[in-house]
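Per-entry structural report
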Amino acid sequence: MQETENSLKNFDFIPNERSLSKTAELAFSRLSFTFTHEHLSSIIKAALSPQASDNDRYVLSCMLKNAEVASKGLYPLCQDTGIANVFGWKKGSFSTGNLYEEITSGVRKVYDERKLRFSTTVPTSFYEEKDPKNNLPAQISIFDSEAALAPSPSFVKDAPEDSLSFIFCAKGGGSSNKTSFIQGTKAYLTKERFSALMKEELSHFGTSACPPYTIAIVAGGLSPEQNLLALKLASMGAYDTMTYEPNELGFRDRELEELSMRIASESGYGAQFGGKIFALSAVVVRLPRHGASCPISFGVSCSAHRNLKAILTKEGLYLEKTVEKPCELEGFSQAVEFAKKAEAKEGSENKASPKNEKTITSTGDMKEVLSELGKAKPGDRIILSGKILVARDAAHARWQKLIDKGESLPEYCLRYPICYAGPARTPDGKVIGSFGPTTAGRMDVYAESLMSRGAALVTLAKGNRSKNWTDSCKKYGAFYLGTPGGIAALIASEYIVSQEILDYEDLGMEAVRLVEVKNLPCFVITNKDGEDFYENLR
């Protein structure tokens, strides 16, 4: 009994609460706006680390400011409030009604009432889709605690008898897209070859999923399905207390976790714009396998590490605690000073962030914007004000259809910088919902189609891009600017003045918008000469 009580010390207890719908509602509400003490403390520690670069400290301190804004409950931590992932483990004779329907009801309610973003699309045919405008379906997986597909987390084993344990996760597209899988063989199971594989795969993560990351690696598994489920759970913190002692069911490897952190630090990516803080932690898990195969997977959880544990019992609900007032954490004030100092030195030659800085205003004249960017170099900091176009995957696909039919692009495409983003829904009385960049590389396929027609000559997003885009920037004199990811609540509350929907309103969060920003911080990633910031790090 004492062991169970100790395992629940990081949980709030809500007596007599046994509703699955309410459990899901409370969990997603909490994790969408607040972080756990452990995660915030790891960001503070990284920001204060002597290894951190100036850019590391700037981005990390902005993330802490973002957490403070989001904790007030209006702006979610990230604009991508994610697919609702629910993993549960039934223990003993605990019983409820229809698990799927009850959990889905709670997910539907919280995404609607808390103005979270609707990110799902559902097919209407093999090639056509629509926005269901409810973020459903949720991904729900419930296991028997003694017969789970992947190893059960320790907190499940320690949960009271006759209980239902959960991990709730809001999983964004950026971090999910970093998952890689190799159907390997025993040949990979040597120190030299596995270490080389780790270095290769971790280098592919790049920065588009908002580092610093929680890195997860799983080797083995009785099937590809077991391997990938274990990877997902590892990235969510399910195996943070898994044993390091080798056994036949699964264990962690400390030496390979330390190697993962060294590889991450030496990558040069840092917390998005160069440095050492590419990862906050790493979990490497070894599982049993079939003698003929060795599945291996790599994945990440982004800096918006939104995972929450819950345990439903006959007495009530235990819900993992999060931090309601980040500013009261030890080291918080010191860490956020890095952002304040950088902002105070805007326009100064002696500044904490990049070497050079330019102030750019977008008024609807693309030639003027390109002229102001002029000879900007990769790594230069840009303070952007004025009007920008907001459009992402679905809008680009529609523009391409116009081109394919021989029609002209909308006039607005030629006038403004294009920011790839899909904001969360707007809270009552506010200008816009949480707003942050999405992965730039997904739009690289449109480089020639758009730039050759005078569009996309200045783009804003996050992450490294392909050689195709870099070459097109050189060919057409274009610029790609990187905006810090992981600070969507901060951007919405401090940097956006107005918004209006210009086109494709049926696309929901992917509609084309005209947004006015004021002093939005950006970094030059690719300039008109085809010079690329991330290539220079290698």
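Just so you know, these numbers come straight off a predicted model, no measurement behind them.

**Comments concerning helix α15 (residues 467-476)**
Looking only at α15, the buried set comprises W469, T470, S472 and C473. The buried residues of α15 occupy an angular sector of 160 degrees when the element is viewed end-on, so they sit on one face. Those residues of α15 that are exposed and angled more than 90 degrees off the buried face are K467, K474 and K475. Among the structural elements, α14 (447-451), β17 (458-461), β18 (479-482) and β20 (512-526) are those in contact with the buried residues of α15. The positive-phi residue at the C-terminal boundary of α15 is G477, with phi of around 70 degrees.

**Concerning the confidence of the model for the protein**
When pLDDT is averaged along the protein, the result is 94, and 96% of the positions lie at 70 or above. Scored below 50 in pLDDT, residues 346-354 shows 20 contacts in the model against residues more than four places distant or in partner chains.

**Digging into the pairing of strand β6 (residues 163-171)**
Buried residues dominate β6, accounting for nine of its nine residues. Residues of β6 alternate between two faces, with S163, S165, I167, C169 and K171 on one and L164, F166, F168 and A170 on the opposite face, all of them buried. The pairing of strand β2 (residues 83-91) with β6 spans nine bridges and is classified as antiparallel. Across the sheet, residue W89 finds its bridge partner in β6, namely S165. Across seven bridges, the pairing between β6 and strand β12 (residues 307-313) is antiparallel.

**Considering the nonpolar core**
Counting residues in each nonpolar core, the largest one holds 121 residues, and the members touching the most others are I215, I296, F298, L384, W399 and F435. Other than its neighbours up to four places away in sequence, W399 contacts L389, A391, L409, P410, Y412, C413, I418, L450, Y504 and V512.

**Quick look at the sheet that holds strand β10 (residues 279-289)**
With respect to topology, five strands assemble into an open sheet ordered β7-β11-β8-β10-β9, the strand pairing being mixed. Two strands bound the open sheet, and with one partner strand each, they are β7 (180-184) and β9 (251-252). In this structure, β7 lies alongside strand β11 (residues 294-301), joined through five bridges in antiparallel fashion. Bridge pairing links S180 to F298 in β11. Strands in contact with helix α9 (residues 224-235) are β7, β8 (213-221), β10 and β11; relative to β8, the strand with the most contacts, it is inclined by about 155 degrees.

The rules behind the values
Residues numbered from 1 in each chain as written. Predicted model: local features only at pLDDT ≥ 70, side-chain atom pairs only at ≥ 80, totals over all residues. Heavy atoms only, no water. Buried < 20%, exposed > 50% of the residue type's maximum accessible area, 1.4 Å probe, protein only. Helix = DSSP H or I, 4+ residues; strand = E, 2+ residues; numbered from the N terminus. Arc of directions from axis to C-beta. Contact = heavy atoms within 4.5 Å. pLDDT = per-residue confidence, 0-100. Pairing = 2+ DSSP bridges. Core = buried A, V, L, I, M, F, W, Y, C linked by side-chain atoms within 4.5 Å. Axes fitted to C-alpha atoms, helices over the stretch in contact; angles between N-to-C directions.

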